[in-house]
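A closer look at the structure
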Amino acid sequence: MALFRAKNLFSRSFSSLSSKPLRVCVVGSGPAGFYTAEKMLKAHQGAEIDIVDRLPTPFGLVRSGVAPDHPETKDYFQQIVVNQFSRVAQNDRCCFIGNVTLGSSISLSELRELYHVVVLTYGAESDRILGVPGEGFSGIHSAREFVWWYNGHPDCKNLDPDFKSSDTAVILGQGNVALDIARILLRPTMELAKTDIASQALTALEESSIRKVYLVGRRGPVQAACTAKELREILGIKDLNVFIQESDLLKTPADEEELKNNRIQRRVYELLSKAALGPSLSSSGQRELHFVFFRKPDRFLSSSDRMGHVAGVRCEKTILKESIGSGKQIAVGTGQFEDLECGMVLKSIGYKSVPIDGLPFDHPKGIVPNIQGRVLSNTTENPTVLEEGLYVCGWLKRGPTGIIATNLYCAEETVASISEDLEQGLLVSTSSMPKSGREGLLQLLAERNVRVLSFSNWEKIDSEEKRLGSLRNKPREKLTTWEELLKVAME
């Protein structure tokens, strides 16, 4: 019965296919996944594409990564990107299959048996670690967890960050994600209430005692990793007091050389310099943003009255030295230390991809070894050996870098590799070895009692979230638990 329901749910996609199509499975429904599917549909008119994701909701970081107080960005993604991806999912030769986890619902080896081509685009769902003492204290969270929490990702519904034991939070990192987090902590909640921020996050922020946020970076303002747009946005928060040590803004000849060759860094430096000269507002309860440059975390300090809870960060002062060969300036410790007291630490030091059984993985780089998206089975042999029919795209391919649109070019490269391999006969022929693809996958999942969700199930979630949001004058009220998502999807 379960198999009948699953086939019925996805039946529109079976009707218009040739008897021996090229069967392609894309694992991950974020931008890298959808761009890959879109390019495959255009490049191969006889291909059947299935987009598999462990969540009931598609779109990846478009849904769970964009800050809720970015209305212009949100509108752009809704009107352009989400609509574009929705058209891909609704194509007769494409199918979204949600609530299916690679590694537990189905193995990679099983997918490769079912499909001619498997493209892994599941991104980075873990975090880099600092490797310093005290990193396991309570009150310390990764940026990914915190962003997922305020964006309503079901995995982080119960994060429960501590906003009450102290008025100070420390963010390690000065990139765009770090600035997003600082903005959420410091922006007036009346403004956040009009966004699609998760309800549990809004409630917690309304009761928050956080008034000071320290953004800590290993290098200087010339090397700050954020963009001018993100920096302008946080500096524009009403009644926010910004603190920058003027001595940190002094430039060396090497800094001048860096600025001369990089317009973006030049603009960021100009904005920071202007902020440092701005008026300081001093009133009770005033919110403060402190940019702390030339510091790297040495250890986390434990609270004396809450055993195992973070009470501060011991930072080592750094200086910049040119890295031989690279021409870049790197931060080197000086042996001088200072403590920053706080009740919460957020580590914005980078995401990390997670390996799965049967997948070659470069642990130091956190990526799957590949050549233009083709997965390498062994990088030490000469010539290198490719994994037949297995490809990667997105962060799993290149690391957690770039913007959402970067995935478009990344997908173009991977799909070009697939097309080239097909033309050169490097992949199993669809005529000599037809594969069961979607039908075989749904049958296997039904036998394992996995509840699969289609794009129409997602549309029910989408509709309900918008309905709930309209009752609260919000764009949407996200469903934030697995139970809620599955219940609405299956109604």
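Quick note: structure is the one above.
Here's a quick rundown of the structure. Here the structure is a predicted model, which is why all the values come from computation and not from measurement.

Side note on helix 10 (residues 199-206)
Those residues of helix 10 that sit buried are Gln-200, Ala-201, Leu-202 and Leu-205. Contact partners of the buried residues in helix 10: helix 7 (143-150), helix 8 (176-186) and helix 9 (189-192).

Topic: the sheet that holds strand 12 (residues 310-322)
Spatial strand order, 11-12-13: 3 strands in an open sheet with antiparallel pairing. Whereas interior strands pair on both sides, the edge strands pair on one side only; in this sheet they are strand 11 (295-302) and strand 13 (329-341). When the angles between neighbouring strand axes are averaged without regard to direction, this sheet yields 20 degrees. Direction of pairing for strand 12 relative to strand 13: antiparallel, over a ladder of 10 bridges. Bridge pairing in strand 13 links Gly-312 to Glu-341.

A few points about the layout of surface pockets
When its volume is computed, the second largest pocket comes out at roughly 540 Å³. Taken together, 25 residues form the lining of the second largest pocket, with Lys-74, Gln-78, Asp-196, Pro-475 and Arg-476 sitting closest to its centre. With 8 residues, the single largest contributor to the lining of the second largest pocket is helix 5 (residues 71-89). When its residues are assigned to classes, the lining of the second largest pocket shows 9 nonpolar, 5 polar and 11 charged.

Points about the pattern of salt bridges
Inspection of every chain in the model, using the stated rule, returns 35 salt bridges. Close ionic contact of Glu-110 with Arg-448 constitutes a salt bridge, the shortest N to O distance being 2.5 Å. Taken together, the residues span a long stretch of sequence, with Glu-110 in helix 6 (residues 108-114) and Arg-448 in the loop between helix 16 (437-447) and helix 17 (455-470) at a distance of 338 residues. For Glu-110, a relative accessible area of 24% corresponds to the partly exposed category. Judged by relative accessible area, Arg-448 falls into the partly exposed class, the value being 37%. The salt bridge partner of Arg-306 is Asp-162, with a shortest N-O separation of 3.0 Å. Taken together, the residues span a long stretch of sequence, with Arg-306 in the loop between strand 11 and strand 12 and Asp-162 in the loop between helix 7 and strand 7 (168-172) at a distance of 144 residues. Judged by relative accessible area, which is 15%, Asp-162 ranks as buried. A single network of salt bridges, built from pairs that share partners, joins Asp-69, Asp-180, Arg-183, Arg-187, Glu-191, Glu-230 and Glu-233.

Quick notes on empty space enclosed by the protein
On inspection of all chains with the given rule, the structure shows 4 cavities of 30 Å³ or more. Contributing to the lining of the largest cavity are Leu-55, Thr-57, Pro-58, Gly-60, Arg-63, Ser-64, Asn-151, Gly-152, His-153 and Pro-154. Of the residues assigned to the lining of the largest cavity, the class counts are 3 nonpolar, 6 polar and 1 charged.

Brief notes about the pairing of strand 9 (residues 240-244)
Most of strand 9 is tucked away, with 4 of its 5 residues classed as buried. Relative to strand 10 (residues 287-292), strand 9 is paired through 5 bridges, and the arrangement is parallel. For Ile-244, the partnering residue across the bridge sits in strand 10 and is Phe-291.

Remarks on the nonpolar core
Among soluble globular proteins, nonpolar side chains are generally buried collectively. If you look at the biggest cluster of nonpolar residues, it comprises 56 residues, and the most contacted ones within it are Tyr-150 and Leu-185. Counting residues per element, this core draws most heavily on helix 8, which supplies 7 residues. Among all residues touching Leu-185, those that are not within four sequence positions of it are Phe-146, Phe-163, Ala-169, Ile-171, Leu-205, Val-213, Arg-287, Met-344 and Leu-346. Listed in part, the 43 residues of the second largest apolar core include Leu-41, Cys-393, Ala-411 and Trp-458.

Remarks on the packing of helix 12 (residues 253-260) against helix 13 (residues 263-276)
One can describe the packing of helix 12 onto helix 13 by two numbers: an axis separation of 7 Å at closest approach and a directional angle of 120 degrees. Judged on the interaxial angle alone, helix 13 and helix 12 are oblique. Where helix 12 approaches helix 13, its residues Glu-258, Leu-259 and Lys-260 are matched on the opposing element by Gln-265, Arg-266 and Tyr-269.

Considerations on the side chain of Gln-329
The topology assignment puts Gln-329 in strand 13. Among the polar contacts made by the side chain of Gln-329, one reaches the side chain of Asp-255 at a distance of 2.9 Å. Aside from chain neighbours lying at most four places away, what touches Gln-329 is Arg-219, Gln-223, Thr-252, Ala-254, Asp-255, Glu-258, Leu-320, Lys-321 and Glu-322.

Parameters and conventions
Residues numbered from 1 in each chain as written. Predicted model: local features only at pLDDT ≥ 70, side-chain atom pairs only at ≥ 80, totals over all residues. Heavy atoms only, no water. Buried < 20%, exposed > 50% of the residue type's maximum accessible area, 1.4 Å probe, protein only. Helix = DSSP H or I, 4+ residues; strand = E, 2+ residues; numbered from the N terminus. Contact = heavy atoms within 4.5 Å. Pairing = 2+ DSSP bridges. Axes fitted to C-alpha atoms, helices over the stretch in contact; angles between N-to-C directions. 1 Å grid on protein atoms, 1.4 Å probe; cavity = no way out; pocket = protein on both sides within 12 Å on 5 of 7 lines; lining within 4 Å. Points joined across faces, edges and corners; volume = space filled by probe spheres on them. Nonpolar A, V, L, I, M, F, W, Y, C, P; charged D, E, K, R; others polar. Salt bridge = Lys/Arg side-chain N within 4 Å of Asp/Glu carboxyl O. Core = buried A, V, L, I, M, F, W, Y, C linked by side-chain atoms within 4.5 Å. Parallel < 35°, antiparallel > 145°, perpendicular 65-115°, else oblique. Polar contact = N/O pair within 3.5 Å; in protein donor to acceptor, adjacent residues only side chain to side chain.

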